[in-house]
Amino acid sequence: MRDLENQIEELNENLAKQLPTEVLEVFGKSIQDLKTKNIEENSIAMGDTFPDFSLPNTNNEIVKLKELLQNGKVIVAFFRGSWCPYCNLELKALQDSLKQITDRKATLVTISPQTPDYSEELKGNHILDFELLMDKNNALAKQLGISFGLQDYVIPVYNSLGIKLSEYNGNDNNELPVPAVFVIDTDGSITYKFVDTNYMNRIDIQELIEQL
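Residues numbered from 1 in each chain as written. Predicted model: local features only at pLDDT ≥ 70, side-chain atom pairs only at ≥ 80, totals over all residues. Heavy atoms only, no water.

Draft legend 1. A look at the pattern of salt bridges. Tallied over the full model, the rule gives six salt bridges. With a shortest N-O distance of 3.0 Å, K35 and D196 are connected by a salt bridge. Placement of K35 in helix α2 (residues 21–35) and of D196 in the loop between β9 (190–195) and α11 (205–210) is noted, with a sequence separation of 161 residues between them. Across the salt bridge formed by E175 and K142, the nearest N and O atoms sit 3.1 Å from each other. On the criterion of sequence distance, the pair formed by E175 in strand β7 (residues 175–177) and K142 in helix α8 (residues 139–144) is long-range, its members being 33 residues apart. Here K142 falls in the partly exposed class, since its relative accessible area comes to 45%. Residues joined in a network through salt bridges with shared partners are K35, E40 and D196. (Salt bridge = Lys/Arg side-chain N within 4 Å of Asp/Glu carboxyl O. Helix = DSSP H or I, 4+ residues; strand = E, 2+ residues; numbered from the N terminus. Buried < 20%, exposed > 50% of the residue type's maximum accessible area, 1.4 Å probe, protein only.)

Here it is, written out as structure tokens:
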């Protein structure tokens, strides 16, 4: 969606003004290092069967993929956490497009490694009408090949910005998912995939809706 792209450009401009140059350089280096891991190519592929998951939502109720698929296609969107401004923009853009998604008999769920308390707060703040599920210790993200460990040189910078992943995720792993979106058909197969290790790049939501 063009709106999301414009919002990200504006966010990039604001962060460039607000953050010290050395912080921006660390973030840039981190993205470049991640690119060398070829996560996009090595992650689960189009046509593969998506792992059948059972994950807790913000009410600690278990949401099962096989049950969601009984109602039609499922969109699964992975986000890093409520501390990530790019993720917040994407989640709000998905909310803005939710009617177009549900009109096509599809279900949207979003997944992050953060604890349900943080997701519940995020859901309330942005008035999100879709499930935010917890992928404890990035177990599902690892199955998909989209999990990575934050580099040692980045962790102090995150901490200096008040982003303590151990608090958000309830562990000391410093692991995150690459922002990724999948469309899963009723037979469990992946019919659309968006994975980009540069977390500043986000899905074209109109293109996503056209896949439904």
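Draft legend 2. Expanded view of the nonpolar core. In terms of nonpolar packing, the biggest core is built from 73 residues, with F50, F53, V76, F78, I146 and F182 touching the most fellow members. Of all the elements, helix α5 (residues 85–96) adds the most residues to this core, at six residues. Leave out the neighbours within four places in its chain, and F182 touches I44, F50, V74, I75, V76, F78, L144, I146, I190, Y192, K193 and V195. (Core = buried A, V, L, I, M, F, W, Y, C linked by side-chain atoms within 4.5 Å. Contact = heavy atoms within 4.5 Å.)

Draft legend 3. Here's a closer look at the pairing of strand β5 (residues 131–134). Strand direction decides the pairing type here: strand β4 (residues 107–112) and β5, joined by four bridges, are parallel. Looking at β5, one finds that S112 is bridged to M134. With respect to chirality, the unit in which β4 leads through helix α7 (residues 116–126) into the neighbouring parallel β5 is right-handed. (Pairing = 2+ DSSP bridges. Right-handed = clockwise from strand over helix to strand, strands pointing away.)

Draft legend 4. Representation of the sheet that holds β4. Read across the open sheet, the five strands follow the order β5-β4-β3-β8-β9; overall the sheet is mixed. The outermost strands of the open sheet, each flanked by one partner alone, are β5 and β9. For this sheet the average axis-to-axis angle between neighbouring strands, irrespective of direction, equals 20 degrees. Where strand β3 (residues 74–78) meets strand β8 (residues 180–184), five bridges bridge the pair, whose relative direction is antiparallel. If you follow A77 over to β8, its bridge partner there is V181. Sitting on the sheet, α7 is in contact with β4 and β5, with an inclination near 165 degrees to β5. (Axes fitted to C-alpha atoms, helices over the stretch in contact; angles between N-to-C directions.)

Draft legend 5. Expanded view of the environment of Q32. The topology assignment puts Q32 in helix α2. Classification of Q32 as exposed rests on a relative accessible area of 52%. Each C-alpha atom, one on Q32 and one on A180, is 18 Å from the other, the two residues being 148 residues apart in sequence.

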